[in-house]
Amino acid sequence: MINRWNRREFLQKTSAATLAALAAGAPIPGLLSGCTRADKDKPKLAGKRGTADTVILLWMAGGMAHTETFDPKRYTPFETGMEGNRVLSTFKSMPTALDGIHFSEGLQSIGKVMDRGTLIRSYVAADMGHILHSRHQYHWHTCYEPPQTVAAPHIGSWIAKELGPKNPVIPAFIDIGQRFTVGEAEELKAFHTSGFLGNEFGPFFIPDPSQGLESVRPPIGMDARRFERRNQLYNELISNSPVGEFGSDYQKESLRRSMEQAYRLLNSPEAKAFDLSTEPAHIYERYNTGRFGLGCLLARRLTEQGARFISVTTEYEPFKGWDTHENGHTRLEDMKCQIDGPISQLILDLEKTGHLDRTMIILASEFSRDMMVEGRPDAKVQEQVKQPDVLSDLKFYGMHRHFTDGCSILMFGGGIKKGFVYGKTADERPCKTIENPVRIDGIHQTIYHALGIAPDTQYEVEKRPFYTTPDGKGKPVLDLLV
């Protein structure tokens, strides 16, 4: 039976899980579930046999409609008085670099680089009752359905913990573009965390990539001596805070190590990588479509400097961006302008420098959209959008409802097949997955497999094993890999 959690219950449960994580001791490395103690004491070989060293997640927050982007269906132009059920795609289909494969109009630049990557057309999001964006985003980023009694780590934190930094100065996990001042802040914070793994493996936040340098240097007017005093005060605050009172020694030391890492970065030449003003003007303008585009530029620079996991988001803000509860068609025209050029440029630039071979790029969203179906055909949930059967206004033309039975994901580099298409959705409504369904544990384990992280990696938390994917049962989709 599906739990029908509301937002308040979601926050209560995730907040309790975070407090429980602070009280937990150091997670006990399980590593390989069947290994002997002698094997446990050996250095981990994770990452040594993989095909990737770095991951860039391009997050289309808010629910990107597959039929309007990377899996277009029959195009129907807008007419006043048209029947909504006739509309499958509101954009024309355009050819890509792959024979017979089309993308929706406005994504031609990404289409031109699809010979470098794989297109998944059969991602299926989870059934979790009444659809909340924050719950599905939590699920996508952690692989665990909320709420949990344990604060589940973000996939970036798992990677930072298991592989460590490529460059000891550059934060292993960097999150670009998500602010927590634009609505549903607490829900978003619930999965932007390292959970029980420790603060040092959490995200280094850069809300605005154009101000990236501000994130890695003291405020104006603060000299080195004053900053050092603040560092001492920080350690005192840890001791006197709820973390100091209720947290374990492991969590306290992890907080201190995270501060030490930030201090090293402040005084390193690598800090210049965060300064986009040093980028040649003609390159800068290729990325300059807004905060997301500049985030892609910053991701490229940080990849070249040795970041391990980078997330760049179009940012989730209710009823903005991909969250198209109305004006779906016109909103997507703008969203495509923001992402098309920068994403293709990121791929081409990393390919030119040789970094794409060892960098896996993933473009994804929490679920898709449809004009008529909320949820999936065989598991419909409560309607959240009033969509008239007959369209009297352009604002109703577009994909407004949340659809979980057919979503598109793009993957490039780091051992991913080139020029490959996996899965299929129906050509008529409901445009659901009909071949090779892929779920989130398969996506996560495919990423871990490429990085060389064992599928049964686990830690003991609350006297039970906690795996990278639930119960350690996730399997990589090997068909996606070379």
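To be clear, the structure that these remarks concern was listed above.
Residues numbered from 1 in each chain as written. Predicted model: local features only at pLDDT ≥ 70, side-chain atom pairs only at ≥ 80, totals over all residues. Heavy atoms only, no water.

1. Concerning the overall build of the protein chain
Line of reasoning, step 1. For the protein chain, the count of helices and strands is 13 helices and 21 strands.
Line of reasoning, step 2. Here the protein chain, with 482 residues, has 57% of them falling under the buried criterion.
Line of reasoning, step 3. Sequence separation of at least 24 residues holds for 78% of the intrachain contacts in the protein chain that already meet a minimum separation of 6.
Line of reasoning, step 4. Carbon and sulfur atoms provide 50% of the accessible area of the protein chain, an area that totals close to 20,300 Å². (Helix = DSSP H or I, 4+ residues; strand = E, 2+ residues; numbered from the N terminus. Buried < 20%, exposed > 50% of the residue type's maximum accessible area, 1.4 Å probe, protein only. Contact = heavy atoms within 4.5 Å. Areas by Shrake-Rupley, 256 points an atom, 1.4 Å probe, with all protein chains shown as cover.)

2. As for unusual backbone geometry
Line of reasoning, step 1. Going from P146 to P147, the amide bond is cis rather than trans, its omega being 0°.
Line of reasoning, step 2. Here P147 shows up in the loop between α4 (133-142) and α5 (155-163).
Line of reasoning, step 3. Of the consecutive residues R429 and P430, the connecting peptide bond is found in the cis state with omega at 0°.
Line of reasoning, step 4. By secondary structure assignment, the location of P430 is in the loop between β18 (424-425) and β19 (433-435).
Line of reasoning, step 5. The phi angle at F319 is positive, at roughly 65°, despite the residue not being glycine.
Line of reasoning, step 6. Along the polypeptide, F319 turns up in the loop between β9 (309-313) and α12 (328-353).
Line of reasoning, step 7. The exposure class of F319 is exposed, given its relative accessible area of 54%.

3. A short note on the packing of α5 against helix α13 (residues 440-451)
Line of reasoning, step 1. Two numbers describe how α5 lies on α13: the axes approach to 12 Å, and their chain directions differ by 20°. Of the possible angle classes, the one that applies to α5 and α13 is roughly parallel. The two elements α5 and α13 meet at a crossing, and its hand is right-handed. Here I155, W158, I159 and L163 of α5 lie close against α13, whose contacting residues are H444, I447, Y448 and L451.
Line of reasoning, step 2. Of the residues that constitute the contact of α5 with α13, the class distribution is seven nonpolar, one polar and no charged. (Axes fitted to C-alpha atoms, helices over the stretch in contact; angles between N-to-C directions. Parallel < 35°, antiparallel > 145°, perpendicular 65-115°, else oblique. Left-handed = near helix turned anticlockwise from the far one by under 90°. Nonpolar A, V, L, I, M, F, W, Y, C, P; charged D, E, K, R; others polar.)

4. Side note on the pattern of salt bridges
Line of reasoning, step 1. Taken as a whole and assessed by the stated rule, the structure comprises 21 salt bridges.
Line of reasoning, step 2. With its nearest N and O atoms 3.2 Å apart, the salt bridge here joins E315 to R291. With E315 in the loop between β9 and α12 and R291 in helix α11 (residues 291-305), this pair connects stretches of sequence that are 24 residues apart.
Line of reasoning, step 3. Judged by relative accessible area, E315 falls into the buried class, the value being 6%.
Line of reasoning, step 4. With a closest N to O distance of 2.5 Å, E383 and R401 form a salt bridge. With E383 in the loop between β13 (379-380) and β14 (390-391) and R401 in strand β15 (residues 401-403), the pair connects residues that are 18 residues apart, well separated along the chain.
Line of reasoning, step 5. A single salt-bridge network, built from bridges that share partners, covers E279, R300, R301, E304 and D349. (Salt bridge = Lys/Arg side-chain N within 4 Å of Asp/Glu carboxyl O.)

5. Structural notes on α13
It helps to recall that an α-helix has 3.6 residues per turn; residues three or four apart then point in one direction.
Line of reasoning, step 1. For α13, with twelve residues, the first-to-last C-alpha span of 17 Å sits near the 16 Å given by 1.5 Å per residue.
Line of reasoning, step 2. Judged by how many residues are buried, α13 sits mostly within the fold: ten of twelve residues are covered.
Line of reasoning, step 3. Here α13 has its buried residues at I440, G442, I443, H444, Q445, T446, I447, Y448, A450 and L451.
Line of reasoning, step 4. In the core, the buried residues of α13 are packed alongside β2 (54-59), β6 (117-123), α4, α5, β10 (359-364) and β16 (407-412).
Line of reasoning, step 5. G452 sits one or two residues past α13 and shows a positive phi near 85°. (Expected span 1.5 Å × (residues − 1).)

6. Re the packing of aromatic side chains
Line of reasoning, step 1. The tally for this structure, following the rule as stated, stands at eleven aromatic pairs.
Line of reasoning, step 2. Ring geometry for Y144 versus F466: centroids 4.5 Å apart, planes at 25°, classification stacked. Taken as a pair, Y144 in the loop between α4 and α5 and F466 in strand β21 (residues 464-467) lie far apart in primary sequence, 322 residues in all.
Line of reasoning, step 3. Taking the relative accessible area as the measure of exposure, F466 reaches 1% and is therefore buried.
Line of reasoning, step 4. Aromatic pair F180 and F205: ring centres 5.3 Å apart, planes at 85°, arrangement edge-to-face. Taken together, the residues F180 in the loop between β7 (173-176) and α6 (185-189) and F205 in strand β8 (residues 204-206) connect sequence positions 25 residues apart. (Phe/Tyr/Trp six-rings, centres within 6.5 Å; stacked < 30°, edge-to-face > 60°.)

7. Observations regarding α11
Line of reasoning, step 1. Over its 15 residues, α11 runs 21 Å from end to end, which matches the ideal 21 Å to within 8%, given 1.5 Å per residue.
Line of reasoning, step 2. Along α11, twelve of the 15 residues are buried, which leaves the element largely enclosed by surrounding structure.
Line of reasoning, step 3. Those residues of α11 lying buried are F292, G293, L294, G295, C296, L297, L298, A299, R300, R301, L302 and T303.
Line of reasoning, step 4. Positive phi appears at G306, one or two residues downstream of α11, with a value of about 110°.

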